[in-house]
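Residue-level listing of the chains:
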Amino acid sequence: MKIKNWIIALTAGSLLASCAGDLGNYDYHALKEPVITGIEADLSVLTHTRLSLHPDLGSEAFPDSDYTFEWRALSLSDNTTMTVLGQTRDLEYDVELFPGSYLLLFRVIERATGIFWQAEYNLQVSESTSEGWMVLCAEGPEKRARLDMVSKVTGETYLDVLSENGMPELRNPYRIQWSRFADSESPYYLLTGDGATRLGRSGFEWKEEYRLQYEMGNSDIPAPEAVTDVTAAKMMVYGSKVYYAECLVGVGLFGPVSGVSFRTAPVIGCNISTQNIVVPAAMFYDLDNRRFMAYAPNLRSNDVGGYEALHEMNDLITLLGEMDNGGKVTGTAFERFPQGKEFVWMENTKYDPNNTSAGIIYTVLRDGEEYTLYGTQLGELWSAVSLGGPAFAVGRAAWADLSACPQIGQASQFAFSSLRSMMYYAVGGSVYAVDLSQTPVQTTRQFSLPDEEIVCMKFNIYRQSENLNRSYDLVVGSVKGDEGTLRVYEGFESDGDFRNVTPEVYPGLGRIVDVTYREMLK
């Protein structure tokens, strides 16, 4: 707790003038100062519950006839929103604040002089679903999108939390995710085959204007499988279009990327390790022509050279060599980006072996019975600018022949670590680990879940500093019949070897499609 004493100040001129006419006729009285105790420095409360606080002001009397009192809450999400909670000595407040972090201020004000004393406390407002695992499920033969929640706040599991939010029924769910560049009051995307919508930060409320179609700069109504946050922008794929939304100064509108007339894999590859890039590039895979493509809209700037924004990856590298201010290409893991191979998987990670602020983007491709992995790093395309970002434009960081990995052709899920050069894949109910740092790669069986099928496997990327080590935990969603089970395997202390790790287990869920951790919004 912090206590601030506020004193009315006189100007120097007024003080001197009063001293010149000072006749010594004063009635002095001691200023009573409250010693505010009895309240903990850190407070936590759930929405729609009663917050009761009874401060102790010390041994002196502070009657209501001589003093007034005020309780206020300052939202730390914007440092401007102030809410008056009460104007009595004791606080009895039914919490209607939005979930988040607040500075709680308690003032004791002397009526005669206006002098006040203030105590400050940290207040965390939560709801039962403010933090925990969001588990997206497909219910019944029609695969209705259903959201279950494993709450860290209460320790309880809540089923079908969207059933009373007024949202129309959606089918064929793909993903539930948070976005840095979504509206702050509705930062979660629910993506389904029937369309996409945002969900509100408080209780996952839903409004008609949350539909993705209202974020489009044209008349398109896409149903993407993922929305990817890239540097100061969002991107997504649907059908034969790739969409881009500039978010440098606000939540931008999506528009189709010019020049894309081919089908594209649903995942966008990008650098998720830094925002300090002036001319970034994103990467995606052309399914029709079977090639890597790069998109860098800031290449159009005359300051850079006025180049086209869309390039095949090998053509981009050639262009970088010709640009006056072009970024360099580094890494010798492979010589050229391949063409003609079938897409299997792409995933962004924060694994950055050379501390270059550029996480590796892993892509698995197939050519008949041959499976090959390519690891790419994307940085600053304009080498004249650094700003603490990557010192290179493109890094060819990893390559591996995966063909000898047991049952790799039957793998249904892949996951790539941000801690080590490791790949994990699931076959049925078994998980295998592949050490990509070895040549040839070394594969070990991690664990098996008898009579269960693994349908979701990932490393959840956390944002808040207190959770960063948890980004190395392996998250596994499995189903047996229509019941889903979520397991979380600790990854930092185990160094990514999950063979002897006892997981956290959360049973009784729906048929799992995707899992994302909802962090407490500040």
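Quick notes on the rules
- The residue numbering used here restarts from 1 in each chain and proceeds along that chain's sequence as written.
- Per-residue local features are limited, in this predicted model, to residues with pLDDT of at least 70; the limit for side-chain atom pairs, both in listing and counting, is 80 or more; totals at the level of whole chains, interfaces and linings are taken over all residues.
- To obtain the side-chain values, all non-hydrogen atoms of the structure were used and water was disregarded.
- Every helix listed is a DSSP run of H or I at least four residues long, and every strand listed is a run of E at least two residues long, numbered separately from the N terminus.
- The buried label goes to any residue with under 20% of its type's maximum accessible area, the exposed label to any with over 50%, and the partly exposed label to all in between, with areas taken from a 1.4 Å probe on protein chains only.
- In summary, the charge assignment counts Lys and Arg as positive and Asp and Glu as negative, without counting His or the chain termini.
- For the purpose of locating charges, the reference atoms are NZ of Lys, CZ of Arg, CG of Asp and CD of Glu.
- Only buried residues count toward a nonpolar core, which is a set of Ala, Val, Leu, Ile, Met, Phe, Trp, Tyr and Cys residues joined through side-chain atoms within 4.5 Å.
- Two residues qualify as a contact provided that any one of their heavy atoms is within 4.5 Å of a heavy atom in the partner residue.
- Only one rule defines a salt bridge in this text: a Lys or Arg side-chain nitrogen within 4 Å of an Asp or Glu carboxyl oxygen.
- If DSSP finds at least two bridges between two strands, the strands pair.
- Where helices are involved, their axes are fitted lines through C-alpha atoms of the stretch in contact, as for all axes, and angles between N-to-C directions lie from 0 to 180°.
- Ring pairs are drawn from Phe, Tyr and Trp, using the six-membered ring of Trp, whenever the two centres fall within 6.5 Å, and their geometry is named by plane angle: stacked under 30 degrees, edge-to-face over 60, tilted for the rest.
- Ring-over charges, as used throughout, are those where CZ of Arg or NZ of Lys falls within 6 Å of the ring centre and within 35 degrees of the ring normal.

Caption draft 1: Main features of the overall build of the protein chain. Secondary structure assignment for the protein chain yields two helices and 35 strands. For the protein chain, the spread of C-alpha atoms along the three principal axes comes to 100 × 60 × 45 Å. Counting across all 522 residues of the protein chain, residues that qualify as buried make up 52%. Here the protein chain contributes 42 positively and 69 negatively charged side chains, and the mean placements of these two sets differ by 3 Å.

Caption draft 2: The nonpolar core, seen in detail. Counting residues in hydrophobic clusters, the biggest one holds 29 residues, and the most contacted among them are Leu299, Met313, Leu316, Leu381 and Val394. The set of elements that each furnish at least two residues to this core consists of strand E19 (282–286), strand E20 (291–295), helix H2 (313–322), strand E23 (342–348), strand E24 (361–367) and strand E25 (370–378). Among residues more than four places away in sequence, those in contact with Leu316 are Ala294, Leu299, His311, Leu381 and Val394. Leu43, Ala73, Tyr93 and Ile115 belong to the second largest nonpolar core, which has 27 residues in total.

Caption draft 3: Structural detail: the pattern of salt bridges. Across all of its chains, the model carries 25 salt bridges by this definition. The salt bridge involving Glu342 is made with Arg366; its shortest N-O contact spans 2.9 Å. Here Glu342, found in strand E23, pairs with Arg366, found in strand E24; they are 24 residues apart in sequence, far enough to count as distant. Given the relative accessible area of 33%, Glu342 is considered partly exposed. As a salt-bridge pair, Lys458 and Asp514 come within 3.0 Å of each other at their nearest N and O atoms. Of this pair, Lys458 sits in strand E31 (residues 453–459) while Asp514 sits in strand E35 (residues 512–518), and the two are 56 residues apart along the sequence. Like Asp514, Lys458 is buried. Each of the salt bridges in this network shares a partner with another, and the network as a whole consists of Glu139, Arg144, Arg146, Asp148 and Asp160.

Caption draft 4: Highlighting the pairing of strand E13 (residues 188–192). With five of five residues buried, E13 lies mostly within the body of the structure. Covered by surrounding structure in E13 are Tyr188, Leu190 and Thr192 together with Tyr189 and Leu191, the residues of both alternating faces. Pairing geometry for strand E12 (residues 173–178) and E13, over five bridges, is antiparallel. In the sheet register, Trp178 faces E13, and the bridge partner there is Tyr188. Alignment of E13 against strand E14 (residues 195–199), held across five bridges, turns out to be antiparallel. Across the sheet, residue Leu190 finds its bridge partner in E14, namely Thr197. Between E13 and the antiparallel strand that follows it, E14, lie two residues.

Caption draft 5: Structural view of the sheet that holds strand E11 (residues 157–158). The four strands lie next to each other as E11-E10-E9-E35, forming an open sheet whose pairing is antiparallel. Each having just a single partner strand, E11 and E35 make up the two edges of the open sheet. For strand E9 (residues 132–139) and strand E10 (residues 144–151), the ladder comprises eight bridges, and the chain directions are antiparallel. Note on E10: the bridge partner recorded for Leu136 is Leu147.

Caption draft 6: Seen up close, the pairing of E9. Among the eight residues that make up E9, seven are buried, leaving the element largely enclosed by the rest of the structure. Here E9 pairs with E35 via six bridges, running antiparallel. Across the sheet, residue Val135 finds its bridge partner in E35, namely Val515.

Caption draft 7: Looking closely at the sheet that holds E24. Here five strands make up an open sheet; going across it, the order is E22-E26-E25-E24-E23 and the pairing mixed. In the strand order of this sheet, the two ends are held by strand E22 (329–330) and E23, each with one partner. With two bridges joining them, E22 and strand E26 (residues 394–401) adopt parallel strand pairing. Bridge pairing in E26 links Thr330 to Gly395. Relative to the sheet, H2 contacts E22, E25 and E26, its axis offset from that of E26 by approximately 145°.

Caption draft 8: The packing of aromatic side chains, seen in detail. One pass over the structure, following the stated rule, counts 23 aromatic pairs. Taking the centre distance of 6.4 Å and the plane angle of 35° together, the rings of Phe414 and Tyr425 count as tilted. Placement of the pair is Phe414 in strand E27 (residues 413–416) and Tyr425 in strand E28 (residues 422–427), with a sequence separation of 11 residues. What makes Tyr425 buried here is its relative accessible area of 0%. Through a chain of ring-to-ring contacts, three or more aromatic side chains come together here, namely Tyr285, Phe292, Phe334, Phe337, Phe343 and Tyr374. The lysine or arginine in question, Arg107, covers the ring of Phe116, its NZ or CZ lying 4.2 Å from the ring centre. Here the guanidinium or amino end of Arg291 rests over the ring plane of Phe262, the centre of that ring lying 5.5 Å away.

Caption draft 9: Local environment of the side chain of Thr47. Mapping Thr47 onto the fold places it in the loop between strand E2 (42–46) and strand E3 (50–53). Thr47 gets classed as buried once you look at its relative accessible area, which sits at 12%. Non-local contacts of Thr47, meaning those with residues more than four positions away in its chain, are made with Val95, Leu97, Pro99, Val125, Ser126 and Glu127.

That's the geometry; what it means functionally is another story.
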